[in-house]
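Structural overview for review
Okay, here's what each chain looks like letter by letter:
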Amino acid sequence: MALDIRRFIQRFVEEAADHLPRLREGVSALEQGAADKERINELFRSAHTLKGSSRMLKLAPITAVAHSAEELLSAFRDGSQAPGPDSISLLNQAIDALADYVAQLAQGAAPETLAEADPTLCQALEAAAQGAADPASPLQASAAAAPPVPPPSAPPDTLPQPSPIGSTTLALSDTVRVRLDRLDDVIRLMGEVLSGHHHLHTLVEQAQALEATLPSDQRSAVHAFNRELKDSVLSHDALMSDLHERALQMRMLPLGVVFDPLAQMARELAQSLGKRVDCRVRGSEIELDRQLIDRLSDPLIHLLRNALDHGLETPEQRQAAGKPPRGQLELAAWQDGNWVVVEMRDDGAGISLAAVRQKAIAKQLLTEEQLAVLSDQETLELIFLPGFSTKPMITDFSGRGVGMDVVKRTMMDELSGDLQLASEHGKGTRFTLRLPLSLAMMRVLLVQVGNVTLGVTAPQVAELVECSPEQFIDAAGQPTLILRNEFVPVVPLAELLGLPVPAALPTKFLLLVVHQRQQKLALIVDSLVDERDMVIKPLPDHLRYLPLVSGMVSQGRNALVSLLHVPALLERAKRHSPAVTRSEAPNDTPHRVLIVDDSLNTREIEKDVLEAWGYHVTLAENGRDGLNKALAEPFDAVLTDVEMPVMDGFALTARLRENDLYRHKPIIIITSREKESDRQRGMEVGADAYIVKGSFDQNNLVETLKALLG
């Protein structure tokens, strides 16, 4: 995809509006004898930036003048030449020429209509850099005598006409450049104003309560005041929200500022590796908060380098594999509610599971026994472990065995987002990043736990559920709720955080179900306090060591509420799970059982139950994955869900029964479908047992499996 330079011309004009005054001030200082090293360095950097930016946008005249000025400033910087009246005059002419070009662009001139750079001026600048020019030089004299003018061949209607000398009007830009820290301050203050305004609703409620305590003959005046106060607060609600939203929009930038340079980088880096790639970009118009875009650049560069180095093959390797010699890399983005999804996909070799397992063992990250029970997806995600790399040799190109762990940590911890990985050997790899539109303000649920109020961002909340203790089941010692065909572990939030837990159990529990990717956790809380859009405050430096807190929000006038970091909560919940007392294996040689379910929670809980009884368990995440694993190695029994993507449990059971190896092996269907017709269909396709999750009992499962295995 060709780079559309027109989209970036205005940004270049704004950038040049910063650098040109610096150049003028710096040259003026040189003229007055203030030729200190740092001043010259600043001049050189400004000229160098203008040269680089204009070259990328193919603004050849600007590039030529900036390059020649840079040559002279470089000579000043390294001390080979000293600033003098003639060289300073040349620099002033160069700045005038650059300012003229930028003014034309600001007034709408197309890049191709800019006049060519004056060769006399460029030659004089470069000659001065070499020390070849002198005050009497005809070359320098001619340059000093005539500033650059457009050639007569340029049609008069293609360039904006300059204002006549002595004109009293100035052409001003319709944009203003604002320093990012000042914009951040405005947004922060707007957030504080919004929080303070929300406190007025509390005052309205308090005023109404106060009115109710007054004698009836004194209520009239207070009632009128309360009504006026309430109307005023309500009328400002929409205004305040709109004002804050517009302030946030000022900091939004299109993803194209990251995507388009990445596409160009992909082609250049692929060429340096002896590879060929077509990079396609979609959704570059999607906008994100500038804070997010700044932090997103490094993770995307990591993923790009890994795709080119690890994923895409050389033209010869691709042709040998029956692929076109040019690799395909796609960078796409789309909006999904309050989230932005960014996807990077390649059609390379994919990630070799065998290589991942081999590297995990070589680096002693996991034992062979631990690897054996991992699903393919869990094995793939080992690449996110610190120091993991499947490359036989570490190179400067794709990193020194680090990077993917940084990508994951940045996405989940710093950007409050998510990172998912999918790969098919020989066909390619896909990374999917989910990001909130902005980190400045998000929907937050406030809950009460004991005497403490805590917050959770709404995108990480699946639902609120009220249930009785009788609805919990015991799964390998872990209280568990069956929620829409899925086993969800239940943990008191107070217990997880080390807060006091009430001795008496309530008759009803309020569960806050949080999720991250495929993992879910039901947290027991006391009550829901509030749900609304709130300004997220980052943690101060001295509190950033707290793993369970991701930020703060204001409640009321001066109260601060901690925001819980859901990924860290999920990790702590795993470690918090009650220890399972493992029984002896049912036989001297443990039976091998395959569990097939698209819910990560359900797979893990069923695995814990069976491993507690000595079974050797392998996991699969859908029917197709289960079928492939069942045919790759023998299992003594298969447990499968029904509702799964790609291939459901009925189809999996029927396919297994067609294979001689599984014609008589036990197959147990565990599902939330309670209809007799579903049970009958399960029996028809060949299932040996049909267990409904709503009446799930781990002892029943184990006894059923024992009976079927003999």
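The structure under discussion appears in the preceding block.
Residues numbered from 1 in each chain as written. Predicted model: local features only at pLDDT ≥ 70, side-chain atom pairs only at ≥ 80, totals over all residues. Heavy atoms only, no water.

This part covers helix α20 (residues 649-657). Of all the residues in α20, the buried ones are Gly649, Phe650, Leu652, Thr653, Leu656 and Arg657. Each buried residue of α20 sits inside an arc of 165° when the element is viewed along its axis, so together they form one side. Where the residues of α20 are buried, they touch β19 (592-596), α19 (623-632), β21 (637-640), β22 (667-671) and α21 (676-684). The residue sitting at the N-terminus of α20 and contributing the capping side-chain oxygen is aspartate 648; that oxygen lies 3.2 Å from the backbone nitrogen of phenylalanine 650. (Buried < 20%, exposed > 50% of the residue type's maximum accessible area, 1.4 Å probe, protein only. Helix = DSSP H or I, 4+ residues; strand = E, 2+ residues; numbered from the N terminus. Arc of directions from axis to C-beta. Contact = heavy atoms within 4.5 Å. Polar contact = N/O pair within 3.5 Å; in protein donor to acceptor, adjacent residues only side chain to side chain.)

Relative to the assigned elements, aspartate 418 resides in strand β6 (residues 418-424). According to the relative accessible area criterion, aspartate 418 is buried, its value standing at 7%. Measuring from C-alpha to C-alpha, the distance between aspartate 418 and leucine 435 comes to 6.8 Å, with 17 residues separating the pair along the chain. Non-local contacts of aspartate 418, meaning those with residues more than four positions away in its chain, are made with Met411, Thr432, Leu433, Arg434, Gln516 and Arg517.

Strands sit in the order β20-β19-β21-β22-β23 across an open sheet of five strands; the sheet is parallel. Both outer strands of the open sheet, β20 (616-620) and β23 (689-692), are each paired with one neighbouring strand and no more. Strand-to-strand twist of the sheet, defined as the mean angle between neighbouring strand axes without regard to direction, takes the value 20°. As paired elements, β22 and β23 share four bridges and run parallel to each other. Residue pairing for β23: isoleucine 668 is matched across the bridge by alanine 689. Each of β19, β21 and β22 is contacted by α20, which is oriented at about 180° to β22, the strand it contacts most. (Pairing = 2+ DSSP bridges. Axes fitted to C-alpha atoms, helices over the stretch in contact; angles between N-to-C directions.)

Turning our attention to the sheet that holds strand β16 (residues 527-535). If you walk across this open sheet you meet the five strands as β16-β8-β9-β18-β17, and the pairing is mixed. In the strand order of this sheet, the two ends are held by β16 and β17 (549-555), each with one partner. Direction aside, the axes of adjacent strands within the sheet are offset by 35° on average. Where strand β8 (residues 441-449) meets strand β9 (residues 452-457), six bridges bridge the pair, whose relative direction is antiparallel. When the bridges of β9 are listed, leucine 446 appears paired with glycine 455.

What follows covers empty space enclosed by the protein. Applying the stated rule across the entire model yields one cavity of 30 Å³ or more. Looking at the largest cavity, its volume works out to about 50 Å³. Around the largest cavity, the lining residues are Leu23, Val27, Ala47, Ala69, Leu73, Leu91, Ala94, Ile95 and Leu98. Among the residues making up the lining of the largest cavity, the classes are represented as nine nonpolar, no polar and no charged. (1 Å grid on protein atoms, 1.4 Å probe; cavity = no way out; pocket = protein on both sides within 12 Å on 5 of 7 lines; lining within 4 Å. Points joined across faces, edges and corners; volume = space filled by probe spheres on them. Nonpolar A, V, L, I, M, F, W, Y, C, P; charged D, E, K, R; others polar.)

Under the definition given, this model contains 30 salt bridges. Note that aspartate 376 and arginine 357 form a salt bridge whose closest N and O atoms lie 3.6 Å from each other. Of this pair, aspartate 376 sits in helix α14 (residues 376-380) while arginine 357 sits in helix α12 (residues 353-362), placing them 19 residues apart in sequence. On the accessibility criterion, aspartate 376 (24% relative accessible area) is partly exposed. When its relative accessible area of 28% is taken as the criterion, arginine 357 is described as partly exposed. Between arginine 679 and glutamate 676 there is a salt bridge, with its nearest N and O atoms 3.5 Å apart. Remark: glutamate 676 and arginine 679 occur in helix α21; sequence separation between them is three residues, near one turn of the helix. (Salt bridge = Lys/Arg side-chain N within 4 Å of Asp/Glu carboxyl O.)

Spatial relationships are all this shows, so hold off on functional conclusions.
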